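Observations on chain architecture
Listed below are the residues making up each chain.
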Amino acid sequence: MQIKKGGVGKTTTAVNLSTILAKKGNKVLMIDADPQGNGTSGLGISKDINFSVYDVIINDVEIENTIQQTIVKNLDICPSNINLAGAEVELVSMMSREFRLKEKIDNQKDKYDFIIIDCPPSLGLITLNAFTASDSVLIPVQCEYYALEGLGQLINTINLVKKHLNKTLEVEGALLTMFDIRTNLSNQVVKEVNKYFENKVYKTVIPRNVRLSEAPSYGMPISVYDPRSKGAKSYEKFTKEFLKKNEK
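Rules used in this analysis
- Residues numbered from 1 in each chain as written.
- Predicted model: local features only at pLDDT ≥ 70, side-chain atom pairs only at ≥ 80, totals over all residues.
- Heavy atoms only, no water.
- Helix = DSSP H or I, 4+ residues; strand = E, 2+ residues; numbered from the N terminus.
- Rg over C-alpha atoms; globule rule 2.2 N^0.38 Å.
- Buried < 20%, exposed > 50% of the residue type's maximum accessible area, 1.4 Å probe, protein only.
- Contact = heavy atoms within 4.5 Å.
- Areas by Shrake-Rupley, 256 points an atom, 1.4 Å probe, with all protein chains shown as cover.
- Expected span 1.5 Å × (residues − 1).
- Arc of directions from axis to C-beta.
- Salt bridge = Lys/Arg side-chain N within 4 Å of Asp/Glu carboxyl O.

**Brief notes about the overall build of the protein**
When helices and strands are tallied, the protein shows 11 helices and 7 strands. By the compact-globule yardstick of 18 Å for 248 residues, the protein fits well, its C-alpha radius of gyration being 17 Å. Buried positions account for 54% of the 248 residues belonging to the protein. Within the protein, contacts between residues at least 6 apart in sequence are counted, and of these 76% link residues at least 24 apart. Approximately 11800 Å² of the protein is accessible, and the part contributed by carbon and sulfur atoms is 50%.

**Quick notes on helix H8 (residues 184-197)**
Here H8 contains 14 residues, and its C-alpha end-to-end distance of 20 Å stays within 8% of the 20 Å for a straight helix at 1.5 Å per residue. Every buried residue belonging to H8 is among Ser186, Val189, Val190, Val193 and Phe197, and all of these are buried. An end-on view of H8 places all buried positions within 105° of arc, on one side of the element. The exposed set on the far side of H8, more than 90 degrees from its buried face, consists of Asn184, Lys191 and Lys195. Turning to H8, the residues buried within the fold contact strand S5 (136-142), helix H7 (151-164), strand S6 (170-179) and strand S7 (201-207).

**Observations regarding the pattern of salt bridges**
Taken as a whole and assessed by the stated rule, the structure comprises 14 salt bridges. Of the charged contacts, one joins lysine 10 and aspartate 118 as a salt bridge, the two residues approaching to 3.4 Å between their closest N and O atoms. Here aspartate 118 lies in strand S4 (residues 114-118) and lysine 10 lies in helix H1 (residues 10-23), a separation of 108 residues in the sequence. Judged by its relative accessible area of 5%, lysine 10 is buried. A salt bridge links arginine 211 to aspartate 226; the nearest nitrogen and oxygen atoms lie 2.7 Å apart. Of this pair, arginine 211 sits in helix H9 (residues 210-214) while aspartate 226 is found in the loop between helix H10 (222-225) and helix H11 (230-247), placing the two residues 15 residues apart along the sequence. Owing to a relative accessible area of 32%, arginine 211 belongs among the partly exposed residues under this scheme. Assessed through its relative accessible area of 17%, aspartate 226 is described here as buried. Here the salt bridges do not stand alone but share partners, grouping Asp60, Glu62, Arg100 and Lys104 into one network.

Keep in mind that these numbers describe shape and distance, not what the molecule does.
Rendered as structure tokens:
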């Protein structure tokens, strides 16, 4: 339920939202559907594994055979590694190629309160599999000049998926990331995104934060690595907002 374009805080958001939801007592599964596997290593899991999300999508392996427990109680992960990079090509000739992940996720839905999918940074067949399997898409938007480029294409893809593959798919909301209070540009992007998504923009904004960018290299989510940092507090606040919205 996550997307798109490298370096926008996509994986950071998937990892930290999953972590804080789990810390609040929810049973959470994070599916790392990005061939880079940054969500996997960011939760301290080795990419050298028997089965990964690649095997789920391509080789019909059940998700439970891939699941690893993370350092966070209540948080499981279906890991990814570089094998997934070849899946785009392999999927092309497969039957029901957009539904392969959905079929596997449907078997897991009653075991988890939340299933979060970290998508690859491009709108290919793996992302389509994620959109087809999801109830909603959460869009991190980086506060920078090119942030709104590509959003039109993304919304267009979501609408096409909704029309042809997954009638219930919604935009969960837009989360502004890498906000720098000192720049006019950040404030400008905030205005534009609010115009674009109207009431779907989260009030919480994730700031640029050194501790936030350090945490993945230690294989930890920010709320474990440095719970008192600005980044951790922002994701805590965002998760509360996310939960409140989902209660409705």
